[in-house]
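# Remarks on the overall topology
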Amino acid sequence: MPKAFICHSCDERVEFSPEKRPCEALSGWLTVSHWKGLGAVEQYNFCSFTCLKRWADAQVPKIPEVFLKAFERKRDKKRKAMRGKYNLEGGIAP
Ligand SMILES: [Zn+2]
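Below is a short write-up of the structure. (Residues numbered from 1 in each chain as written. Predicted model: local features only at pLDDT ≥ 70, side-chain atom pairs only at ≥ 80, totals over all residues.)

Now for the overall build of the protein. Looking only at helices and strands, the protein has three helices and four strands in total. Along the chain direction, N to C, the helices and strands of the protein fall in the order β-β-α-β-β-α-α. Looking at the protein as a whole, 5% of its 94 residues qualify as buried. Look at the contacts in the protein between residues 6 or more apart in sequence, and 31% of them connect residues 24 or more apart. (Helix = DSSP H or I, 4+ residues; strand = E, 2+ residues; numbered from the N terminus. Buried ≥ 20, exposed ≤ 12 C-beta atoms within 10 Å, placed from the backbone. Contact = placed C-beta atoms within 7 Å.)

Now for the environment of glycine 28. Topologically, glycine 28 is positioned in the loop between α1 (22-25) and β3 (30-37). Of the residues examined, glycine 28 has 9 C-beta atoms within 10 Å and is grouped as exposed. Residues glycine 28 and cysteine 47 lie 19 residues apart in sequence; the distance between their C-alpha atoms is 6.9 Å.

Unlike most non-glycine residues, aspartate 11 shows phi in positive territory, near 70°. For aspartate 11, the position within the fold is in the loop between β1 (3-6) and β2 (13-16). Looking at aspartate 11, the number of C-beta atoms within 10 Å reads 9, which means it is exposed.

As a further point, take the pairing of β2. Note: β1 against β2, four bridges, orientation antiparallel. Directly across from phenylalanine 5, in β2, lies its bridge partner valine 14. Linking β1 to β2, which pair antiparallel, is a turn of six residues; within it aspartate 11 sits at a positive phi near 70°. (Pairing = 2+ DSSP bridges.)

In this section: the pairing of β3. Little of β3 is tucked away, with zero of its eight residues classed as buried. The sheet contact formed by β3 and strand β4 (residues 40-46) spans seven bridges and is antiparallel. Of the residues in β4, the one forming a bridge with glycine 37 is alanine 40. Between β3 and β4, which pair antiparallel one after the other, the connecting turn spans two residues, and glycine 39 there sits at a positive phi close to 70°.

Shown next as structure tokens:
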């Protein structure tokens, strides 16, 4: 019975007979191991980086845009304050 790998993202299938080595049939494919704890590991196969990225993007929790913008502003303010400080103390910053 031939074994088959299925792309976790686009459902593309690649079959290979037992006498053919998987490394030949799966040339160019990517396999991700998700370690979930003691004795638990899930493997996902992808036919291309595009498929892997699409799947990975879907797993990443979405961060609200508003939160990111607030963070950006805060960091900017801090950077300006630092620059001011260094200039007063003898110009480490340009
Ligand atoms: Zn795919």
